[in-house]
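# A closer look at the structure
Each chain is listed here by its residues.
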Amino acid sequence: MQPLFIIFLITSLLVAYIIVKPMLRERGREKVRSQIFPKTWRKILRRNVPYFHTMPADMQLQLKQHILVFIHEKNFMGFEGIDIDDEIQVTIAAQACLLLLNRKADYYPKLKSIYVYPAAFITKHPTKDAAGVVHEQRRVLSGESWELGKVILSWKDTIDGADIVDDGRNVVIHEFAHQLDQETGSANGAPFLKHKTRRCWSDVLSKEFDRLVSRTARGETTLLDKYGATNPAEFFAVATEVFFEKPKEMQHYHANLYSQLKGLYQVDPALWL
Ligand SMILES: [Zn+2]
């Protein structure tokens, strides 16, 4: 065979693979979405995910279909004595998929695994001090989102976050907001946005972030948790928690921020309550 022909053949196969692969994946997902949502899973939603009952019926259906795909595609792993069961998978998947409603859902394409610990867990990260010496920093966390395909969650905090629906805190929503943010590279508070909305998003979020930083420095209590003042990525994750958990308050005190998040997530949780 001529070398030129071989190159042509390989290129054609590669192009065909690139075009056909997403089509096949979507067809597979369509099949999973059409499966019956188990009755026992519905009971878990009723028990652990109060948002489910407040949203319109069409979104409930969407959420159930997303949960089926999410559980089908993602790998759940339990640590420190946790056995992964339906309750853990459905509770986590439901909250993660809240962020995908009414949008072209790609189900967190970089994410492969969800690690679940019974309660808060200790992480060790190497950090460099000013002299360039590397230290091991230990932190106790309820959740962590990695760029390389992993979300780590404390089951106790997951349950608490879902159960108390209006405290503005939800570790699953927080970590999956980071996942969305990380789809465009490192987390920086700027998830994938349409070109024409990017400028406005950046203006509003920068202003709101600066406001939170100043108010936190003055020791004021704010609707958004002061952890959001850490950096723009944490601000986006904290704002997302409040958007879903305290939508009316956010609409009242941070109207522009609410409007930007409504544009991004394509839902209006203030109407669900
Ligand atoms: Zn965070």
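None of these values were measured; they are calculated from a predicted model. (Residues numbered from 1 in each chain as written. Predicted model: local features only at pLDDT ≥ 70, side-chain atom pairs only at ≥ 80, totals over all residues. Heavy atoms only, no water.)

### What to know about the environment of Val213
Basically, it comes down to this: Helix and strand labels come from DSSP, where a helix needs a run of H or I of at least four residues and a strand needs a run of E of at least two; each type is numbered from the N terminus.
Note on placement: Val213 falls in helix H8 (residues 195-217). Expressed as a C-alpha distance, the spacing of Val213 and Asp58, which sit 155 residues apart in the sequence, is 38 Å.

### Considering the packing of helix H2 (residues 39-48) against helix H5 (residues 86-97)
This is how it is decided: Here, axes are lines fitted to C-alpha atoms. For helices the fit covers the stretch in contact, and angles between N-to-C directions go from 0 to 180 degrees. A clockwise turn of the near helix away from the far one marks a right-handed crossing, whereas an anticlockwise turn of less than a right angle marks a left-handed crossing. The contact definition used throughout considers only heavy atoms, calling two residues in contact when any of these lie within 4.5 Å. By the convention adopted, Pro, Cys, Tyr, Trp, Phe, Met, Ile, Leu, Val and Ala count as nonpolar, Lys, Arg, Asp and Glu as charged, and the other residues, Gly among them, as polar.
Relative orientation of the contacting elements H2 and H5 amounts to 65 degrees, with a least axis distance of 9 Å. You can see that H2 and H5 cross each other, and the crossing is right-handed. Within the contact between the two elements, H2 uses Trp41, Ile44, Leu45, Arg47 and Asn48 and H5 uses Asp86, Glu87, Val90, Thr91 and Ala94. Counted by class, the contact of H2 with H5 contains five nonpolar, two polar and three charged residues.

### Side note on the coordination of the zinc ion
Under the convention used in this document: With water omitted from the atoms examined, metal sites may look incomplete; donors here are N, O and S atoms no farther than 2.8 Å from the metal, or 3.2 Å in the case of Na, K and Ca. All geometry calls rest on donor angles, where a four-donor set with angles between 85 and 135 degrees is tetrahedral, four- and six-donor sets with opposite donors more than 155 degrees apart and all others between 65 and 115 are square planar and octahedral, and all else is irregular. For every residue, the accessible area (1.4 Å probe, protein chains only) is compared with the maximum for its type, and the residue is labelled buried under 20%, exposed over 50%, or partly exposed between those bounds.
Bound to the zinc ion are the protein donor atoms His174 (NE2), His178 (NE2), Glu234 (OE) and Glu234 (OE), situated 2.0 to 2.7 Å from the metal. Geometry at the zinc ion is irregular, judged from the four donor atoms that bind it and their angles of 53 to 144 degrees at the metal. The sequence pattern describing where the donors of the zinc ion fall on their chain is H-x3-H-x55-E. Note that His174 and His178 are positioned in helix H7 (residues 171-182) at a spacing of four residues, about one turn of the helix. Each of the two residues, His174 as well as His178, counts as buried.

### Structural notes on the domain arrangement of the protein chain
Threshold: Domain limits in this description derive from either an automatic procedure or a database domain assignment. Put simply, buried area is the surface a 1.4 Å probe can reach on two separate parts but cannot reach once they are joined, added for both. Criterion for a salt bridge: a side-chain nitrogen of Lys or Arg within 4 Å of a carboxyl oxygen of Asp or Glu. We define a polar contact as two N or O atoms separated by no more than 3.5 Å, with the added condition that, inside protein, one atom must be a possible hydrogen donor and the other a possible acceptor, whereas residues neighbouring each other in sequence contribute only through side-chain atom pairs.
We note that the domain assignment places domain 1 (23-167) and domain 2 (188-273) within the protein chain. One C-alpha centre belongs to domain 1, the other to domain 2; they are set 21 Å apart. With both chains or domains summed, domain 1 and domain 2 bury close to 1,100 Å², and 58% of this area falls on carbon and sulfur atoms. Our enumeration of links across domain 1 and domain 2 arrives at zero salt bridges. Inspection of the region where domain 1 meets domain 2 yields two residue pairs in polar contact (both at pLDDT 80 or more). Classifying every residue of the side of domain 1 that touches domain 2 gives nine nonpolar, three polar and three charged.

### Considerations on the pairing of strand S5 (residues 143-146)
Both faces of the sheet carry side chains from a regular strand, because those side chains alternate between them. Rule in force here: Strand pairing is defined by DSSP finding a minimum of two bridges between the two strands.
Alignment of S5 against strand S6 (residues 150-154), held across four bridges, turns out to be antiparallel. Residue Ser145 lies in a different strand from S6, and its bridge partner there is Val151. What sits between S5 and S6 in their antiparallel hairpin is a turn of three residues, with Gly149 showing a positive phi close to 75 degrees.

### Observations concerning the packing of aromatic side chains
So the rule is basically this: By convention, a stacked pair of Phe, Tyr or Trp rings (six-membered ring in the case of Trp) has centres within 6.5 Å and planes under 30 degrees apart, an edge-to-face pair has planes over 60 apart, and any other such pair is tilted. Placement of a charge over a ring requires the Lys NZ or Arg CZ to be within 6 Å of the ring centre, with the centre-to-atom vector within 35 degrees of the ring normal.
Counted under the stated rule, the structure contains 15 aromatic pairs. With centroids separated by 6.2 Å and ring planes inclined at 65 degrees, the aromatic side chains of Phe70 and Phe76 adopt a geometry described as edge-to-face. When the centroid spacing of 5.9 Å and the interplanar angle of 65 degrees are considered together, the rings of Phe70 and Phe176 count as edge-to-face. Within this pair, whereas Phe70 is found in helix H4 (residues 57-73), its partner Phe176 is found in helix H7, the two being separated by 106 residues in sequence. Overall, the relative accessible area of 0% leaves Phe70 in the buried class. Feature note: the residues Phe243, Phe244, Tyr258, Tyr265 and Trp272 constitute an aromatic cluster, connected by ring pairs. The ring centre of Trp146 lies 4.0 Å from the NZ or CZ of Lys150, which sits over that ring.

### Considering the side chain of Ser113
Topologically, Ser113 is positioned in strand S2 (residues 113-117). Beyond its immediate sequence surroundings of up to four residues, Ser113 is in contact with Asn75, Gly149, Lys150 and Val151.

### Description of unusual backbone geometry
Here the phi dihedral of Glu80 falls at roughly 50 degrees; this positive angle occurs in a residue that is not glycine. You can see Glu80 is positioned in the loop between strand S1 (75-78) and H5. Taking relative accessible area as the criterion, Glu80 reaches 60% and is therefore assigned exposed. The phi dihedral of Asn102 falls on the positive side, at around 60 degrees, and the residue is not glycine. With respect to the helices and strands, Asn102 occurs in the loop between H5 and S2.

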